[in-house]
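Report on the structure
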Amino acid sequence: MLDVIPLLHYFKEKNEYSGAHFGMRYHFTMNKKKQDGAEEETAFLCGTIWPEPWAKEYTDPALILKKDFSFSDEGRNQAAAWLKEVYYSEEERWRVVPSILDSEPWRPQSEEDKEKA
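Everything quoted here is computed from the prediction, not taken from an experiment.

Cut-off values and rules
Residues numbered from 1 in each chain as written. Predicted model: local features only at pLDDT ≥ 70, side-chain atom pairs only at ≥ 80, totals over all residues. Heavy atoms only, no water. Helix = DSSP H or I, 4+ residues; strand = E, 2+ residues; numbered from the N terminus. Buried < 20%, exposed > 50% of the residue type's maximum accessible area, 1.4 Å probe, protein only. Lys, Arg positive; Asp, Glu negative; His and termini not counted. Charge placed at Lys NZ, Arg CZ, Asp CG, Glu CD. Salt bridge = Lys/Arg side-chain N within 4 Å of Asp/Glu carboxyl O. Pairing = 2+ DSSP bridges. Axes fitted to C-alpha atoms, helices over the stretch in contact; angles between N-to-C directions. Contact = heavy atoms within 4.5 Å. pLDDT = per-residue confidence, 0-100.

Observations concerning the overall build of the protein chain
Broken down by element type, the protein chain carries four helices and four strands. Starting at the N terminus and ending at the C terminus, the protein chain contains elements arranged as α-β-β-β-β-α-α-α. When the 117 residues of the protein chain are sorted by exposure, 33% land in the buried category. When the 16 basic and 23 acidic side-chain charges of the protein chain are each reduced to a single mean position, those positions are 3 Å apart.

Considerations on the pattern of salt bridges
In this structure the tally under the stated criterion is six salt bridges. In this structure, R95 and E91 form a salt bridge, with 3.3 Å as the shortest nitrogen-oxygen distance. Of this pair, R95 and E91 both sit in helix α3 (residues 91-95), four residues apart, which is roughly one turn of the helix.

A look at the sheet that holds strand β4 (residues 65-70)
In spatial order, the strands read β1-β2-β3-β4; together these four strands make up an open sheet with antiparallel pairing. Each edge of the open sheet is held by one strand with a lone partner, namely β1 (17-21) and β4. Taken pair by pair, the neighbouring strands of this sheet meet at an average axis angle of 25°, ignoring direction. Of the strands in this sheet, β1, β2 (24-34), β3 (41-51) and β4 are in contact with helix α2 (residues 73-89), which crosses β4 at around 155°.

Observations regarding the confidence of the model for the protein chain
Scored by pLDDT, the protein chain comes out at a mean of 92, with 98% of its residues at no less than 70. Put simply, helix α4 (residues 111-116) is where the protein chain has its lowest mean pLDDT, 74, and β4 is where it has its highest, 97.

Next comes the structure, spelled out in structure tokens:
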């Protein structure tokens with residue numbers, strides 16, 4: 001499951017790729033940005049990894065990993081290698097994530113809480 005990222009054509013058609021492996025969730029999408037002084041935008045593959053049990057929006061940003069890859073077959077292979085590296089470097093962490101029933105979602109600090117701090 002961690003060995004394969006879809007072909008580049010999949011992303012060119014505005015598809016996103018996401019999945020989970022034990023307690024590790026991941027998401028890949030094609031994004032575009034202008035390079036230094038360039039007139040045209042350059043495509044790149046953006047990868048995101050975060051722990052279960054919550055959706056990315058309800059996970060503490062400090063726990064979310066992001067990495068960009070070139071929009072090429074080499075970049076796609078690097079993205080797959082990154083997934084494996086992140087998982088196997090902390091395999092125990094990903095296998096022992098809390099149940100959604102035993103944890104609360106992350107929420108941004110409210111203005112009121114910020115003033116108290």
